[in-house]
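# Fold and contact review
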Amino acid sequence: MKIENHKNHHTDLYQDNICVIRRSQTFQMWITLSRPFNRHTDRLHLHLKTAVSNAISRTHVIVPLVEELNGNCWEAAVVEENDKRIKLSVNSPGTAVIGRYRLTVEITCPNGLAIYTFNPSDDIYMLFNPWSKDDSVFLHDEEERQEYVLNDVGRIYCGRVNQIEARTWNYGQFDSGILATCLYILENSKTLCSGWGDPVNMVRIISAMVNSNNECGVLVGKWSGDYKEGTNPTFWNGSVEILQQYYASKGSPVKYGQCWVFGGVTTTVLRCLGIPTRTVTNFNSAHDTDVSLTIDVYVDENMDFITNKNHDSIWNFHVWNDCWMARPDLPPGNGGWQAVDATPQETSNGIYCCGPAPLTAIRNGQVYLKYDCPFVFAEVNGDRILWQRNADGTYSKISIEQKVVGCNISTKAVGSDERNDITHMYKYAEGSEEERIAVETACSYGSKPDTYESPTAKDVTMKVVMEGEGPKLGSDAELIVKFINHSCENRNVSLNSQLAVMYYTGVHKATFQKEKRDLDLPPNKETKVKLALSYHKYKDLLVDQGALMLTLLGRVKETQQVLATQFGFLLRTPDLIIKPIGTPVVGQKMKVEISFINPLPEELKDVVLNVEGIGLLPVQRITYGDICSHGRVTITKDFTPTLTGAKKFVASLHCSQLTQVHGVADIYVEACSSNTQE
């Protein structure tokens, strides 16, 4: 019966030999009794108890035997009899608790009570059901269900708003042992399993448990650059190895993760449990620390930053998740995609978790709706405001940048590896009346409700541009700043610039270049200013993502207009080129060639590669050694495919001087024919 149930319930991809079904859908089971079943004298009930260690937390369901199934409730009916064996059709409601159920059959007959207890290997694993209209995670589009529930490989976007990079991530939600691990995570949360039927509650639990800032979580977050006690976050290619390590260590948190790792693992867990989920990247993602819903920058009378007041930041990118569900706890119209974030940034009701926050509420500035809408709104649509200290210690608002935060919000497209821009789902078009109304509405509920006033006139604009794909790691480059004087008179600008190395979270590491110059801007003309970028000045300061930040602060002498902007960018790294060799057939050895060119004018030390592919080979690490300056290397890797269909061979390279080097190859594996077997 398992095969038939699995096919009907879209659970045939789970690789464990267990019974996996979805709630709110009929499943079949055979029961063998000590004698033939008598419909007239025997009274049969099924007892299903959630198999958790805490007896107080268990859910106990008694399933009655009925003549005819009605649907969307716990019920069972005899549909076939064969001597001592009976076949039952069993229904469950769309609100049933998900998890592992232990089955007991109880029959009351003239001779007394008979109880049949089943082996734990026959336990029933019940999941959410996006295919059922009675389930609050119902998703009507089949292509989207295939993508957001059944696809076990995805794309996670990173980099910078103007240098978007993509890496393949193996979710592996159907791999052997992953479902058991997901239920282990739920049990470790020490929450009552009676609440495990509500997807709103469920995603809050998972959001809290994927990070280890709360007790017993999966991943330790670290952003310092020192990963000697664990694995560099850039080295993971997927979730399976992380979850296996967590389960094998009996719940000891795995070291280390950053936002894309938290997001990837969250997608794995929620898809495994049946909740439609996608991994989302927000470029120029704000971190608002005081619930002002703006990104506040403070300077003194001399335009120098006031370090002890500047706590807000803008990350190069930040990765979280969208989950699909109804929201009966909110006003109508707030169902659908909900933002959920497992990266530990701020607490929610005292716990490091975030969401579910309805995208509709975020788009409209309705930050008073739960959960955590103010924080998510600031991430995607907060204005950056420059405040200057006055002589009396108060602060005046001298600049507002409206189009800095929340750019190119990205997720993998349905059915392809293309990038899908979903910015419009999070906010209206920048600068539109609807978008400004949403910002002002949201900020009116923040800690600085009087932030917005009538804007002042400005006649000089400043914009940083980057030509082509941007600077390459290991080479010198130039950035261009364009000024336009829209007035009919000359304008003189005093411009301060500085270049700094940044962590991808938007946290400053070190400034390596400062410059001050005076500019003469002719009336009604554009003026271009070039800023040089030298490799030897920053090469010893770089951290994981190769992220740099240009900060420009200026003042127009004639009008006292303030010009302020920050421009973040990445230093481009090369890709790994992966070339399959041989015919991909299940059970037959083949190989790939992995090629790489060192872009740096220096030797790379202790180079290690991480390779894997679902259905191709398990995670393996290859210690290569050193690679000379600008050297080219080719590595050959043998493997034997185990599953048919479209697969992806994924590789990453890491050493102390260079990270964020990845590659992927598409491999279509054919079944082994009888002729081939001979």
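Rules and cut-offs
Residues numbered from 1 in each chain as written. Predicted model: local features only at pLDDT ≥ 70, side-chain atom pairs only at ≥ 80, totals over all residues. Heavy atoms only, no water. Pairing = 2+ DSSP bridges. Helix = DSSP H or I, 4+ residues; strand = E, 2+ residues; numbered from the N terminus. Buried < 20%, exposed > 50% of the residue type's maximum accessible area, 1.4 Å probe, protein only. Contact = heavy atoms within 4.5 Å. Salt bridge = Lys/Arg side-chain N within 4 Å of Asp/Glu carboxyl O. UniProt positions renumbered as here; feature names shortened; annotations may be inferred. Polar contact = N/O pair within 3.5 Å; in protein donor to acceptor, adjacent residues only side chain to side chain. Axes fitted to C-alpha atoms, helices over the stretch in contact; angles between N-to-C directions. Parallel < 35°, antiparallel > 145°, perpendicular 65-115°, else oblique. Left-handed = near helix turned anticlockwise from the far one by under 90°. Nonpolar A, V, L, I, M, F, W, Y, C, P; charged D, E, K, R; others polar.

Turning our eyes to something else, we now look at the pairing of strand 8 (residues 112-117). Pairing of strand 7 (residues 99-109) with strand 8, which is carried by six bridges, proceeds in the antiparallel orientation. Looking across to strand 8, one finds that E106 is bridged to I115. Once strand 7 ends, the chain turns through two residues before running back antiparallel as strand 8.

Before going further, it helps to examine helix 3 (residues 178-188). Most of helix 3 sits inside the fold, with eight of its eleven residues counted as buried. Looking at the buried residues of helix 3, the elements they touch are strand 1 (19-22), strand 7, strand 9 (124-127), helix 4 (199-210), helix 5 (240-248) and helix 6 (259-273). Positioned one or two residues after helix 3, K190 has a phi angle of 60°, which is positive.

Moving on to the pattern of salt bridges. Applying the stated criterion across every chain yields a total of 30 salt bridges. Put simply, K605 and E603 hold a salt bridge, and the shortest N to O gap is 2.8 Å. Connected through salt bridges with shared partners, the residues R100, R102 and D123 form a single ionic network.

In the numbering adopted here, UniProt assigns the feature "active site" (unreviewed entry) to C259, H318 and D341. The greatest C-alpha distance among the annotated residues, which extend across 83 residues, is 9.7 Å, indicating that they converge on a single site. Position of H318 among the secondary structure elements: in strand 16 (residues 313-325). Leave out the neighbours within four places in its chain, and H318 touches C259, V280, T281, N282, S285, D341, T343, Q345 and E379. A polar side-chain atom of H318 sits 2.6 Å from a polar atom in the side chain of D341. Note on placement: D341 falls in strand 17 (residues 336-341). Setting aside its immediate chain neighbours within four residues, D341 contacts S207, H318, V319, W320, C353, C354 and E379.

With their axes 10 Å apart at the nearest point, helix 3 and helix 5 run at an angle of 55° to one another. Accordingly, the angle class assigned to the pair helix 3 and helix 5 is oblique. Pair helix 3 / helix 5 crosses with left-handed handedness. In contact with I178, A180, T181, Y184, I185 and N188 of helix 3, helix 5 contributes V240, L243, Y246 and Y247. By residue class, the composition of the contact of helix 3 with helix 5 is eight nonpolar, two polar and no charged.

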